[in-house]
Amino acid sequence: MSPSRSLDIDHLRRLATRLFTDGQYRDADLVLAELAELDEDDQAQIALRRAQIGMLGDRMEDVERQLEIARGKYGAHVYFVGLEADMALRNGDLPSAAESLRLLSRHARAHHLESFDGDWYRVEELSSKPVTWDDSHALPLLEVTINGRTGRFVLDTGTGDCLLDTRFARRAEVELGHFDQAGFAGGRVGRWQLGRIESLSIGGSRFAQLPAMVASLDDAFHHGYDRSVDGIVGAGLLRASGGIDIEYQRACFRLGSPGLRDSAELWIAGPHYPLTSCRVNGGPASSWFIDSGMSGMDLACSESAARRHGAQLLHGDLEAHGGGGTLGARAVRIRRFRHADLEYDTLSAAVIPGFNLGRELGIRIGGIIGHEWLARHRVQLDYRAMQIQIGTAE
């Protein structure tokens, strides 16, 4: 290898790493594609990173192509098997997903997928009519009917499959299976029983064969509600619908693809976390998690992210609330926060001890965009175009 070629490869590696770290995934993928043409010895590792970027962009054909390149060297690696499981899940290939999950010793989840017999997240009717919610509470609270039983649900982009309170699941005769556990964005670990919803209706939209998580929600939504919350509508249903258009000022939303064009890019990390690119205090771009179910603050981040952002520590503590319960946090101030064409000079934020979402997902996370900030805007998530648009309220 000539010295100049070696320098080109080293430069491209560093550039791809920096772009990926800053959440510029599309540009990172272009650099990696160029690197793959020059570096014949590292094809498998490059392909594995490009498969990860394909997952973030929800481009399953790209993921499959890159995994085939990486299979010979990394096929037995835990991370490779995890990507295969995620790819199969997003493609609706439940038997293949279950097979990969068993290799990862996630037997409860694998058994749960097999119980659907290849049929899940079926969209039977998608209505374009607006669905209104009760806006007198800390979070949007809407009526959802499950197996003929109507309950009060929170709309939460930070949750994956629908999460049902144990008492409501019994009333709705939801079929229950094995227990499973996973981490919440705030760092806590939750344990729940896996279930299957036969039918679910929101407004004029109807769905069938939906996966569910079942656990007590007594500690999750005890703040700001005069009665119990029966469950959470998560991002899994939103993706199956093609997207959502949330008009906070009008207390309503519409399910379905908003038909966005030339808007900011939307990314999906892990099984369901919606991400978008933001800049803080004029620094480099970073990926922020859109969590409409976390209330009590505009933004939240880890201690290390707060240092990177140059956030100003304030006196006093605060609380953030979500599906994982109440989290104690330290108050900080962020001077400038920018998303696409929106820019704010001063915002309150929460530093959450134990926040480890980035470590869990294998990418750097700038922080969480919470309900208080989102509620001042119109938020459109388009899972067909993989774009997001956040605009000021009309």
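Located above this text is the structure these notes cover.
Scope of this entry: the structure provided in the associated data block.

Calculation criteria
Numbering of residues starts from 1 in every chain and runs along the sequence as written. For this predicted model, a pLDDT threshold of at least 70 governs which residues receive local features, and a threshold of 80 or more governs which side-chain atom pairs are given and counted, while totals over whole chains, interfaces and linings are taken from all residues. Side-chain figures throughout are based on the complete set of non-hydrogen atoms in the structure, without hydrogens or water. A run of DSSP states H or I qualifies as a helix once it reaches four residues; a run of E qualifies as a strand once it reaches two. Both are numbered from the N-terminal end. Polar contacts, as counted here, are pairs of nitrogen or oxygen atoms within 3.5 Å of one another; within protein the pair requires one atom able to donate a hydrogen and one able to accept it, and residues that are adjacent in sequence qualify only if both atoms are side-chain atoms. For every residue, the accessible area obtained with a 1.4 Å probe (protein chains only) is divided by the maximum for its type, and the residue is called buried under 20%, exposed over 50%, and partly exposed between those limits. Any Lys or Arg side-chain nitrogen found within 4 Å of a carboxyl oxygen on Asp or Glu counts as a salt bridge.

## Considering the side chain of His 137
Along the chain, the position of His 137 falls in the loop between β2 (131-132) and β3 (141-146). Polar contacts involving the side chain of His 137 include one to the side chain of Asp 134, which spans 3.0 Å.

## Observations regarding unusual backbone geometry
Phi is positive for Asp 262, which is not a glycine, with a value near 60°. Relative to the helices and strands, Asp 262 is located in the loop between β11 (252-255) and β12 (264-265). Since its relative accessible area comes to 77%, Asp 262 is described here as exposed. The backbone of Asn 281 sits at a positive phi, close to 55°, despite the residue not being glycine. Within the element layout of this structure, Asn 281 appears in the loop between β14 (273-280) and β15 (285-290).

## Focus: the pattern of salt bridges
In this structure the tally under the stated criterion is 31 salt bridges. Linking Asp 39 and Arg 13 is a salt bridge whose minimum nitrogen-to-oxygen distance equals 2.6 Å. Taken as a pair, Asp 39 in the loop between α2 (25-38) and α3 (43-56) and Arg 13 in helix α1 (residues 3-21) lie far apart in primary sequence, 26 residues in all. The exposure class assigned to Arg 13 is partly exposed, which follows from its relative accessible area of 36%. For the salt bridge of Arg 254 with Glu 247, the shortest nitrogen-to-oxygen distance reads 3.0 Å. The exposure class assigned to Glu 247 is buried, which follows from its relative accessible area of 7%. Overlapping salt bridges bring together Asp 29, Arg 50, Arg 59, Asp 62 and Arg 65 as one network.

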